Structures are given as structure tokens and as C-alpha cells.
Amino acid sequence: GSTTIIATSNNGISVTARVTIYYALDSYVVNELEPNGSTSWADPILVNGTTFKGYNSSKSDADYFALIMTSNQYYQINFYPPYSIDTDYFLVGLLDSSGTVLAAALKLNSTTRYLSFWTTYSGTYYVVVLYSSSSPYSSGMGYRGYSRWY
């Protein structure tokens, strides 16, 4: 977030500055906790710049993360599967409070998916991560994402 800082020297001179603080990747982390397979059990992402991590244990496992946003905010996620696993094997979406899909992450390259969205209302939004049924791997897979809003 950003804040205003006022610094006053010993001789009474004041300087006002608006400062925006950005968190470095992995400086604030939310690790998914099961059960989080529905919006009712979504793990909260409360800090801008949060890295979220999880594990889809099977092709039917969906992980949900909750965001409380204000209207007209720009939101973005960078999503990274483990190792060199292609991002085709994961689906990442942004849902509104009723569970309607508002946006889906696009494949930026083989190791990154990218999602961006302008919020239209103040309230709770959800990020859902699904392990694709088209994956050649039968067991689950870990992942991480970086969540940021402006």
C-alpha cells in the first residue's frame, strides 16, 4: 500500500513524501490449508504483494483464495507451476462473490500464466486454481502465485 510520511528536522523544516511500499516476492506468503475446495473455505489473501502457495492433490482438487477488494482496482496474478511443468496443466481464474468466472489466466509462456482484471464492485473476489484434467500426470502438483493490486 502507500502512505504519507512527514519528516521534520531538528531546525523545524518539514518534508512530506508519499511512499508506496512493495513486498518482495515471497516476503508475505499464504500457504493453502485444506479444506479450501470452495469459496466458503477460501484461504484469505489480505496483503498486497502476497505470494500464495498450494498443492492440487488430484485432478479434482480445486483451491480457493479470497481477496477483499474495493471497486475500480486493478488486480493481477503471476502464476508459476513447479519446475518446468507447462502451465497448460493448471487453470487459474478470478470469480465474483457468487462464483461466476470473471477472468481466466492467460498463458504468458510455458512457465507463467498471467491474469489481470479491473474490479467493478467492492467486496470479496476469489482466485481458484485447478489442476487440469488434460495433464499427463496422475498425481497432484504444487504451485505458487504472486498476487498484487493497484
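Before reading further, recall that the structure is shown in the block above.
Caption draft 1: Representation of the sheet that holds strand β4 (residues 43-44) in the model. Strand order in this open sheet of five strands is β4-β6-β12-β8-β9, and the pairing throughout is mixed. Each end of this open sheet is capped by a strand with a single partner; those strands are β4 and β9 (101-104). In this structure, strand β6 (residues 62-69) lies alongside strand β12 (residues 123-131), joined through eight bridges in antiparallel fashion. When the sheet's bridge partners are listed, Ala-62 is paired in β12 with Leu-130.

Caption draft 2: Seen up close, the nonpolar core. Membership of the largest hydrophobic core comes to 24 residues, with the highest contact counts inside it found for Phe-52, Phe-65, Leu-67, Tyr-75, Leu-94, Val-127 and Val-129. When contributions to this core are tallied by element, the ones reaching two or more residues are β6, β7 (74-80), β8 (90-95), β11 (112-118), β12 and β13 (141-149). Top element by residues in this core is β12. It accounts for four residues. Excluding residues within four positions of it along the chain, Tyr-75 makes contact with Leu-67, Met-69, Leu-94, Leu-115, Ser-116, Phe-117, Val-127, Ser-147, Arg-148 and Trp-149.

Caption draft 3: How the structure looks around the pairing of β11. Summarising the sheet, β7 and β11 pair through six bridges and their orientation is antiparallel. Paired with Asn-78 across the two strands is Tyr-114, which belongs to β11. Pairing between strand β10 (residues 106-109) and β11: three bridges, direction antiparallel. Residue Asn-109 lies in a different strand from β11, and its bridge partner there is Thr-112.

Caption draft 4: Broad picture of the sheet that holds β7. One open sheet accounts for six strands, arranged β3-β5-β13-β7-β11-β10; its pairing is mixed. Single-partner strands in this sheet number two, and they are β3 (29-31) and β10. Taken over all neighbouring pairs, the strand axes of this sheet differ in orientation by 25 degrees on average, direction set aside.

Caption draft 5: How the structure looks around the environment of Asn-109. Structurally, Asn-109 can be placed in strand β10. For Asn-109, a relative accessible area of 36% gives the class partly exposed. Each C-alpha atom, one on Asn-109 and one on Asp-86, is 8.5 Å from the other, the two residues being 23 residues apart in sequence. One polar contact links the side chain of Asn-109 to the main-chain amide nitrogen of Thr-111, over a distance of 2.9 Å. Side-chain polar atoms of Asn-109 contact the backbone nitrogen of Thr-112, separated by 3.0 Å.

Caption draft 6: Just unusual backbone geometry, in detail. Residue Pro-35 is bonded to the preceding Glu-34 through a cis peptide linkage, with omega at 0 degrees. Here Pro-35 is to be found in the loop between β3 and β4. Positive phi values are uncommon outside glycine, yet Asn-72 reaches one of about 60 degrees. Tracing the backbone shows Asn-72 in the loop between β6 and β7. Owing to a relative accessible area of 58%, Asn-72 belongs among the exposed residues under this scheme.

Caption draft 7: Representation of the side chain of Glu-32. You can see Glu-32 is positioned in the loop between β3 and β4. Among buried charged residues, Glu-32 stands out as having no salt bridge; its nearest opposite-charge side chain is Lys-53, 12 Å away. One polar contact links the side chain of Glu-32 to the main-chain amide nitrogen of Tyr-55, over a distance of 2.8 Å. Other than its neighbours up to four places away in sequence, Glu-32 contacts Asp-43, Lys-53, Gly-54, Tyr-55, Asp-63, Phe-65 and Tyr-143.

What counts as what
- Residues numbered from 1 in each chain as written.
- Predicted model: local features only at pLDDT ≥ 70, side-chain atom pairs only at ≥ 80, totals over all residues.
- Heavy atoms only, no water.
- Pairing = 2+ DSSP bridges.
- Helix = DSSP H or I, 4+ residues; strand = E, 2+ residues; numbered from the N terminus.
- Core = buried A, V, L, I, M, F, W, Y, C linked by side-chain atoms within 4.5 Å.
- Buried < 20%, exposed > 50% of the residue type's maximum accessible area, 1.4 Å probe, protein only.
- Contact = heavy atoms within 4.5 Å.
- Axes fitted to C-alpha atoms, helices over the stretch in contact; angles between N-to-C directions.
- Polar contact = N/O pair within 3.5 Å; in protein donor to acceptor, adjacent residues only side chain to side chain.
- Lys, Arg positive; Asp, Glu negative; His and termini not counted.
- Salt bridge = Lys/Arg side-chain N within 4 Å of Asp/Glu carboxyl O.

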